[in-house]
Amino acid sequence: QALRWLATGHAAALIDAGGVTALLSALKAGTEASYAAIALREVVSTEAAEIAAAEVELPLLEVVRTGSDAAAVAAAGILRALASIEGRVRQTLGEQGAVVCMVDLMRRGGQEASEEVAGVLEHLAGSGAEAHIIEAGGVELLVAASQQGGPRAQEAAAAALLHVSATEAGRAAVAAGGGGGVVVQLARSDDVATRDEAAAALHSMAEAGQQQALVSAGGVAVLVELAQSSSTTSQEHAASALQLLIGEHRSAIVEAGGIEALVSVCHQGNSAAQAAAVVVLHEVAAEEGARIAAAGGIEALVGLLGSSDPQVVEHAVAALAALVCENVARVAAAGALRPLVSVAGSGSTPAREHAVQALRWLAT
């Protein structure tokens, strides 16, 4: 008990006196384990390696389960720090059912508990515990923490939700729990890796039938932004997600500037992103031809006629066939004649038909 109070204002002196070793022994022995946990939390920021080496995850979990709220929060704080640096700790916590007791603590505790538990769940979610978090009801609590908690809680909870969204069941749970907005916010992060993960999660939500939840959370606008990202990963996921949304959410995509963004992808994106973008342009070509042309889409589509992907060629030539009647001079000036003749002679049946249709207009 005395060491607990000394740790609060005299952590350095406690460390110098060998107090960490004594506290670890007390924790392992179960002798005033709650006091030991509270004291160790004060020094974990500098002594995490020594504490991790002592393998005290199980005693700390017992404190989370049976200690006072203050002791449980302290133990969770230590586990958060240890899980961030030690894979063995994450594995042990997963095997020992830590998610359930952490979620229970998050449910009954206040803001401090929410912050520490969100941190633990962030590390466990990235280590294969996504299903356990869903089963324990942790998604709803993480969504609440990401929206209402302090800055550290918000950051950790959002990261945990992003990890959970990596699975199909997780995407459904996050969407059902109102977490789509959190993923959308993460997609605007300054960190490129976080944006890439969020883009992948949004793509997966669209793929897994969570399209309305994605749209309701403001996902269309952020996908259009990501399609113009310098990251090829974000660009590819965004274009693919917009392709999945175009059937039922065409007007939202157009209003958000999706045509201009996807024309840019057709000019500069990688092959996978271009394959998705050209499908969307084909879908809207009949109604939005003027907008596609104004964005430089004719030149982009002509460029795609030389793609090695037959599907890309089919969609590009079909889009051009829809555009050419109002843009004969521009299509000709873009150098479309030779590639159209080539497609008319050796493309797939649908591609040949559209190429001949386009050539008919050019011939006049």
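The structure presented is a predicted model; accordingly, all values stated were derived computationally and were not measured.

The rules behind these values
The numbering scheme is per chain: residues are counted from 1 as the chain's sequence reads. In keeping with the predicted nature of the model, local features appear solely for residues at pLDDT of at least 70, side-chain atom pairs appear and are counted solely at 80 or more, and the whole-chain, interface and lining totals rest on all residues. As a rule here, side-chain values cover all heavy atoms of the structure and leave hydrogens and water aside. Secondary structure is summarised from DSSP: a helix means a run of H or I of at least four residues, a strand means a run of E of at least two, and numbering begins at the N terminus for each. Buried means the residue's accessible area, taken with a 1.4 Å probe over protein chains only, is under 20% of the maximum for its type, while exposed means over 50%, and partly exposed covers the values in between. Two N or O atoms form a polar contact when they lie within 3.5 Å of each other; inside protein one atom must be a possible hydrogen donor and the other a possible acceptor, and for residues adjacent in sequence the pair counts only when both atoms belong to side chains. Note on contacts: a residue pair qualifies if any of its non-hydrogen atoms lie within 4.5 Å across the two residues. Here, a salt bridge means any side-chain nitrogen of Lys or Arg that lies within 4 Å of a carboxyl oxygen of Asp or Glu. Every angle, taken between N-to-C directions, lies between 0 and 180 degrees, and every axis is a line fitted to C-alpha atoms, over only the stretch in contact when it is a helix. Any angle that is under 35 degrees is reported as roughly parallel, and any over 145 degrees as roughly antiparallel; angles of 65 to 115 degrees are reported as roughly perpendicular and all others as oblique. Each helix crossing is assigned a hand: it is left-handed if the near helix lies turned anticlockwise from the far helix by less than a right angle, otherwise right-handed if that turn is clockwise. Under the grouping applied here, Gly and all other residues not named as nonpolar or charged are polar, the nonpolar ones being Ala, Val, Leu, Ile, Met, Phe, Trp, Tyr, Cys and Pro and the charged ones Asp, Glu, Lys and Arg.

J.: Mind showing me how you'd approach the side chain of Ser 165 here?
T.: Looking at the element boundaries, Ser 165 is found in the loop between helix 13 (151–164) and helix 14 (168–176). In this structure Ser 165 comes out as buried when scored by relative accessible area, which is 1%. A distance of 2.9 Å separates a polar atom in the side chain of Ser 165 from the backbone oxygen of Leu 161. Beyond its immediate chain neighbours, meaning those up to four positions away, Ser 165 contacts Gly 170, Arg 171, Val 174, Val 183 and Ala 201.

J.: Sorry, what's going on with the side chain of Thr 92 here?
T.: One can find Thr 92 in helix 8 (residues 87–95). Here Thr 92 falls in the buried class, since its relative accessible area comes to 15%. Contacts of Thr 92, omitting those with residues within four sequence positions, involve Glu 57 and Leu 58.

J.: Hey, could you run me through the pattern of salt bridges in this one?
T.: For the structure on display, the rule yields twelve salt bridges. The closest approach of N and O atoms between Arg 41 and Glu 116, which form a salt bridge, is 2.6 Å. Of this pair, Arg 41 sits in helix 4 (residues 33–41) while Glu 116 sits in helix 10 (residues 111–125), and the two are 75 residues apart along the sequence. Of the charged contacts, one joins Asp 104 and Arg 107 as a salt bridge, the two residues approaching to 3.4 Å between their closest N and O atoms. Placement of both Asp 104 and Arg 107 in helix 9 (residues 98–108) is noted, with a separation of three residues, approximately one turn of the helix. Accessibility expressed as a relative area gives 46% for Arg 107, which makes it partly exposed. Residues joined in a network through salt bridges with shared partners are Arg 41, Arg 80, Glu 112 and Glu 116.

J.: What is the right way to read helix 23 (residues 297–304) from this model?
T.: A turn of α-helix holds 3.6 residues, and therefore any two residues three or four places apart point the same way. With respect to burial, helix 23 is a largely interior element, six of its eight residues being buried. Every buried residue belonging to helix 23 is among Gly 297, Ile 298, Ala 300, Leu 301, Val 302 and Leu 304, and all of these are buried. Structurally, helix 23 contributes buried residues whose contacts are with helix 21 (258–268), helix 22 (271–294), helix 24 (310–323), helix 25 (328–333) and helix 26 (337–346).

J.: How do you make sense of the environment of His 203 when you look at a structure like this?
T.: Structurally, the position occupied by His 203 is in helix 16 (residues 192–207). For the pair His 203 and Leu 362, spaced 159 residues apart in sequence, the C-alpha to C-alpha distance is 39 Å. Filtering out sequence-adjacent residues up to four positions away, His 203 remains in contact with His 237, Ser 240, Ala 241 and Leu 244.

J.: Is there a simple way to think about the environment of Asp 16 in this case?
T.: Following the sequence through the fold, Asp 16 ends up in helix 2 (residues 11–16). For Asp 16, a relative accessible area of 70% corresponds to the exposed category.

J.: How should the packing of helix 18 (residues 219–227) against helix 19 (residues 232–245) be read in this particular structure?
T.: For any two helices packed against each other, the geometry comes down to the angle between their axes and how far apart the axes lie. Running from amino to carboxyl end, helix 18 crosses helix 19 at an angle of 135°, the nearest separation of the two axes being 7 Å. If you check the angle between helix 18 and helix 19, you find them oblique. The way helix 18 lies across helix 19 gives a crossing that is left-handed. Of the residues in helix 19, those in contact with Val 220, Leu 223, Val 224, Leu 226 and Ala 227 of helix 18 are Ser 234, Gln 235, Ala 238, Ala 241, Leu 242 and Leu 245. Within the contact of helix 18 with helix 19, the residues separate by chemical class into nine nonpolar, two polar and no charged.

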